[in-house]
Amino acid sequence: MSGRLKLKLLVFVIAFFLGLAAPLIGTNHPNVLLGFGAFIGIVMGLVAAMAVERPEPLTKQFTRAVTEGGLSMAYQPIVTLDANHTVIGAEPLLRWTTEVGDAISPGDFLPMAKALGLETTLNGQVLDMVLADLKPALTGERDLVVTLNLPPEEFADPEKREALAGKVEAAGIPPHRIAIEVNEIDAADRQIRPAIWDMKQRGFRVSIDDFGIGGGDSEYLSSLNPDLVKLNRRFVSLSANGGPVSGLVAELVRLAKKCNGRIVMVGIENADVARRAASLGADLGQGFHWHKPMPAKAFLELLRA
């Protein structure tokens, strides 16, 4: 049940009982007024419920959430595919819950941010939250890495790259604890290549996301020496079916290994796919089979455990 529906039901119930009780106050004939009270209660409840039927547009709510700190982060751990399933890092995921409790998908609010001209502000907030949330872990002795997904237009801007590096340095976090994540097609874009090399020279790691979606230059990707190569979740899911598709996934793993990075299978939701990912040669895994996205506090507790 959505937060909006819960609110409407709560308002209706409260208004109904208030309307029901109102005629009974100060009278010795409750039975006579019971029907009238019920009628008043229903009317009041419907009117009150209608009052919350039309909340303000999501664009206004989202703008206020961005400007007033109404967004939050969740972190999905990345684990080794050996028997220990050691946590070696995490992918930060932006979350937004409206004021009436409705969880809005990033697939819905991220395009909204771009349309409203809030994308740069949002990216800055994500970086600030990640650095603040995970600073205890990213400044410790354990070699953790957090992937940071940036849209290509943000990543290609020298001033924005400089600002990103400055924030990481100001937080006292070694740059190699942050992996700049770009998808395969963007990473192969000639206009993006100088930006990737610049960040590598600054000490940041590089993660190639959505490897296998096609269109990337495998020779160039290999020359990047990315630290992480994430296989597209579609291929991970299909690999569980066996047959020719498994052969395709095995070939993608072979190509990914040419890039010299650790291979991450994402979207792993059960033990069978986890075993298949390991048998295909993947090094790391990410998915609900091990951990769902969690708040920073829970992630830090997981590391301590």
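Residue numbers run consecutively from 1 along every chain, following the written order of its sequence. It should be noted that, the model being predicted, local features are given only for residues of pLDDT at least 70 and side-chain atom pairs only at 80 or more, the latter also being counted only at that level, while totals for whole chains, interfaces and linings use all residues. To get the side-chain values, all heavy atoms of the structure are used, and hydrogens and water are removed first.

**Considering the environment of Val 87**
At step 1: A run of H or I in DSSP becomes a helix once it reaches four residues, and a run of E becomes a strand once it reaches two; helices and strands are each numbered from the N terminus. Relative to the elements of secondary structure, Val 87 occurs in strand E2 (residues 87-97).
At step 2: Along the chain, Val 87 and Pro 77 lie 10 residues apart, while their C-alpha atoms are 6.2 Å from each other.

**Observations regarding the pairing of E2**
At step 1: Throughout, exposure labels follow a simple rule: accessible area from a 1.4 Å probe, protein chains only, divided by the maximum for the residue type, with under 20% read as buried, over 50% as exposed, and the rest as partly exposed. Within E2, 9 of the 11 residues are buried, which leaves the element mostly enclosed by the surrounding structure.
At step 2: The sheet contact formed by strand E1 (residues 71-80) and E2 spans 9 bridges and is antiparallel. Across the sheet, Ala 74 pairs through a bridge with Leu 93, a residue of E2.
At step 3: The hairpin formed by E1 and E2 contains 6 residues between the paired strands, and His 85 there has a positive phi angle of roughly 50°.
At step 4: DSSP-based pairing: two strands are paired if at least 2 bridges between them are found. Sheet topology places E2 next to strand E4 (residues 145-149); 2 bridges connect them, and they run parallel. Within E4, the residue paired with Ala 90 across the bridge is Val 146.
At step 5: Note: E2 against strand E3 (residues 103-104), 2 bridges, orientation antiparallel. By the bridge assignment for E3, Thr 97 is matched with Ala 103.

**Some thoughts on helix H9 (residues 193-201)**
Residues spaced three or four apart along an α-helix point in a common direction, a consequence of the helix completing one turn every 3.6 residues.
At step 1: Buried residues of H9: Arg 193, Ala 195, Ile 196, Asp 198 and Met 199, and no others.
At step 2: After H9 finishes, the residue Gly 203 shows a positive phi value of roughly 105°.

**Observations concerning the confidence of the model for the protein chain**
At step 1: Looking at the protein chain, the pLDDT average stands at 82 and 77% of residues meet or exceed 70.
At step 2: Ranking the helices and strands of the protein chain by mean pLDDT puts E1 first, with 97, and helix H2 (residues 30-51) last, with 56. Each residue gets a pLDDT score, which is the predictor's confidence in that residue and runs from 0 to 100.

**Examining the side chain of Lys 230**
At step 1: Looking at where Lys 230 falls in the secondary structure, it is placed in strand E7 (residues 228-231).
At step 2: Assessed through its relative accessible area of 1%, Lys 230 is described here as buried.
At step 3: In the analysis that follows, any N or O atom pair within 3.5 Å is treated as a polar contact, provided that within protein one partner can donate a hydrogen and the other can accept it, and provided that, for residues neighboring in sequence, both atoms belong to side chains. Reaching out from Lys 230, the side chain makes a polar contact with the side chain of Gln 286 at a distance of 3.4 Å.

**As for the packing of aromatic side chains**
The geometry of an aromatic ring pair is captured by the separation of the ring centres together with the interplanar angle, meaning the angle of the planes.
At step 1: Think of it this way: a Phe, Tyr or Trp ring, Trp meaning its six-membered ring, pairs with another when their centres are within 6.5 Å, and the plane angle makes it stacked under 30 degrees, edge-to-face over 60, tilted otherwise. Evaluated as defined, the whole model comprises 4 aromatic pairs.
At step 2: Pairing Trp 96 with Phe 109 gives two aromatic rings, centres 6.2 Å apart and planes at 90°, and the pair type is edge-to-face. Separated by 13 residues along the polypeptide, Trp 96 in strand E2 and Phe 109 in helix H4 (residues 106-115) bring together distant segments of the chain.
At step 3: A relative accessible area of 3% places Trp 96 in the buried class.
At step 4: Overall, Phe 109 belongs to the buried group, its relative accessible area being 0%.
At step 5: Put simply, the rings of Phe 62, Trp 96 and Phe 109 pair up and form one aromatic cluster.

**Quick word on the packing of helix H3 (residues 58-67) against H4**
At step 1: Two elements in contact, H3 and H4, have axes whose closest approach is 11 Å; the angle formed by their N-to-C orientations is 80°. Taken together, the axis directions place H3 and H4 in an arrangement best described as roughly perpendicular. Contacts between H3 and H4 involve Leu 58, Thr 59 and Phe 62 on the former and, on the latter, Phe 109, Met 112 and Ala 113.
At step 2: Along the lines of polarity and charge, the residues of the contact of H3 with H4 split into 5 nonpolar, 1 polar and no charged. Interaxial angles span 0 to 180 degrees and are taken between N-to-C directions of axes, which are lines fitted to C-alpha atoms, for helices over the stretch in contact. Roughly parallel covers angles under 35 degrees, roughly antiparallel covers those over 145, roughly perpendicular covers 65 to 115, and oblique covers all other angles. Contact between two residues is taken to exist if any of their heavy atoms lie within 4.5 Å; hydrogens are not considered. As a working rule, the residues Ala, Val, Leu, Ile, Met, Phe, Trp, Tyr, Cys and Pro are called nonpolar, Asp, Glu, Lys and Arg charged, and the rest polar, with Gly in that last group.

**Some details on the pattern of salt bridges**
At step 1: In what follows, salt bridge is the name for a side-chain nitrogen of Lys or Arg lying within 4 Å of a carboxyl oxygen of Asp or Glu. Under the counting rule described, the total for this entry stands at 10 salt bridges.
At step 2: Here Asp 128 ties to Lys 167 by a salt bridge, and the two come within 3.0 Å at their closest N and O atoms. Residue Asp 128 is found in helix H5 (residues 119-138), and its partner Lys 167 is found in helix H7 (residues 158-170); the two are separated by 39 residues along the sequence.
At step 3: Classification of Asp 128 by relative accessible area gives partly exposed; the value is 38%.
At step 4: When salt bridges with common partners are traced through the structure, they connect Arg 161, Glu 162, Asp 198 and Arg 202 into a single cluster.

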